[in-house]
Amino acid sequence: TGLWIESTNPTVRNNTFTNSLREGVLVTGTGTPKIEDNIFTQNKGNGISIGRLSKGEIRNNLFQDTGFGIALSEKASPLITDNRIIENVDGVVASSEATPVLRNNVIESNKRDGVVAVTLAQPDLGTPDTPGKNRIRNNGRYDINNSTTRNTLLAYGNDSDTGRTAGRLDSDTPPVTSAF
């Protein structure tokens with residue numbers, strides 16, 4: 001792990017996190033950092049891992065060619081905004097009861113999935129009142145993969161292709177229709 005943040009609120013700005021055997025940054029406990037304007041590349045695990053009751057802001061970073069760009073677990077609920085999350089194994093993976101808020105991100109060209117929700121995770125990709133404005137496109141398998149057993153993900157106001165989603169999704173994105 002490049003940097004471990006536990007139950008504190010530092011600002012982490014203008015760094016490059018590369019070649020960590022786990023993640024570039026780990027946020028745990030009740031951490032509420034502001035992580036902005038950084039580059040996360042070629043980390044073996046994840047760019048950032050956020051767990052426990054952590055919140056904070058993940059803003060204006062580049063996550064490229066790493067395991068999961070951002071991995072969330074337990075009851076983590078950060079704001080993830082204005083990031084480029086590209087060419088990773090998966091872009092954003094939310095598990096357990098994580099409830100991140102994603103706004104105005106570019107999540108493209110990840111090898112498998114753009115955004116993944118498992119267990120009871122409920123990522124907020126946009127509501128009718130606060131659209132997501134995320135661009136979630138051209139990921140290897142699914143752009144949005146809701147693998148939760150009972151949650152319907154909200155995903156209003158994004159640039160995405162509903163034909164490349166799995167699981168229940170409540171969205172204003174019209175289905176893509178074929179010209180044939």
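In this text the structure is predicted, and so the values were computed from the model without any measurement.

Participant: Before we move on, could you go through the sheet that holds strand S9 (residues 62–64) and cite the residues and values that matter?
Facilitator: Two modes of strand pairing occur in sheets, parallel and antiparallel, and in both the strands are linked by backbone hydrogen bonds. Pairing is parallel across the open sheet formed by 7 strands, whose spatial order is S3-S6-S9-S12-S15-S17-S20. The open sheet has two edge strands, strand S3 (16–18) and strand S20 (159–160), and neither has a second partner. With 3 bridges joining them, S3 and strand S6 (residues 39–41) adopt parallel strand pairing. Paired with Thr16 across the two strands is Ile39, which belongs to S6.

Participant: Explain the nonpolar core residue by residue, including any values.
Facilitator: Judged by nonpolar contacts, the single largest core of 29 residues is most densely connected at Val25, Ile35, Ile48, Ile50, Ile58, Ile70 and Leu72. Those elements giving two or more residues to this core turn out to be strand S4 (25–28), strand S7 (46–50), strand S10 (68–72), strand S13 (90–94) and strand S16 (113–117). Residues in contact with Ile58, not counting those within four places in the same chain, are Ile35, Ile48, Ile50, Phe63, Ile70, Pro78, Leu79, Ile80, Thr81 and Asn83.

Participant: Give me the environment of Thr18: which residues, what numbers.
Facilitator: Its place among the elements puts Thr18 in strand S3. Residue Thr18 is classed as partly exposed on the basis of its relative accessible area, which comes to 34%. The spatial distance from the C-alpha of Thr18 to the C-alpha of Phe40 is 6.0 Å, given a sequence separation of 22 residues. Those residues within four positions of Thr18 in sequence are excluded, and the remaining contacts are Thr41, Gln42 and Asn43. Separated by 2.9 Å, the side chain of Thr18 and the backbone oxygen of Thr41 make a polar contact.

Participant: Summarise the sheet that holds strand S5 (residues 34–36); cite the residues concerned and give the values.
Facilitator: Strand order in this open sheet of 5 strands is S2-S5-S8-S11-S14, and the pairing throughout is parallel. Every interior strand has two partners, whereas the edge strands, strand S2 (11–13) and strand S14 (101–103), have only one. Along the sheet, successive strands turn relative to each other by an average axial angle of 10 degrees, direction set aside. The pairing of strand S11 (residues 79–81) with S14 spans 3 bridges and is classified as parallel. For Leu79, the partnering residue across the bridge sits in S14 and is Val101.

Participant: Outline the pattern of salt bridges, listing residues and values.
Facilitator: The tally for this structure, following the rule as stated, stands at 12 salt bridges. For Arg59, the salt bridge identified is with Glu57, shortest N-O distance 2.8 Å. We classify Arg59 as partly exposed; its relative accessible area is 25%. The class for Glu57 is partly exposed, based on a relative accessible area of 24%. A salt bridge links Arg141 to Asp113; the nearest nitrogen and oxygen atoms lie 2.7 Å apart. Here Asp113 lies in strand S16 and Arg141 lies in the loop between strand S17 (135–137) and strand S18 (142–146), a separation of 28 residues in the sequence. Three or more residues are tied together by salt bridges with common partners; here these are Glu108, Arg135, Arg137 and Asp159.

Participant: Provide a residue-level description of the environment of Ala76, including the pertinent values.
Facilitator: In this fold, Ala76 is placed in the loop between S10 and S11. Among the residues examined, Ala76 registers a relative accessible area of 0% and is labelled buried. For the pair Ala76 and Arg13, spaced 63 residues apart in sequence, the C-alpha to C-alpha distance is 21 Å. The contacts of Ala76, once residues within four sequence positions are left out, are Ile50, Gly51, Arg52, Ser54, Ala98, Thr99 and Pro100.

Calculation criteria
Residues numbered from 1 in each chain as written. Predicted model: local features only at pLDDT ≥ 70, side-chain atom pairs only at ≥ 80, totals over all residues. Heavy atoms only, no water. Pairing = 2+ DSSP bridges. Helix = DSSP H or I, 4+ residues; strand = E, 2+ residues; numbered from the N terminus. Core = buried A, V, L, I, M, F, W, Y, C linked by side-chain atoms within 4.5 Å. Buried < 20%, exposed > 50% of the residue type's maximum accessible area, 1.4 Å probe, protein only. Contact = heavy atoms within 4.5 Å. Polar contact = N/O pair within 3.5 Å; in protein donor to acceptor, adjacent residues only side chain to side chain. Axes fitted to C-alpha atoms, helices over the stretch in contact; angles between N-to-C directions. Salt bridge = Lys/Arg side-chain N within 4 Å of Asp/Glu carboxyl O.

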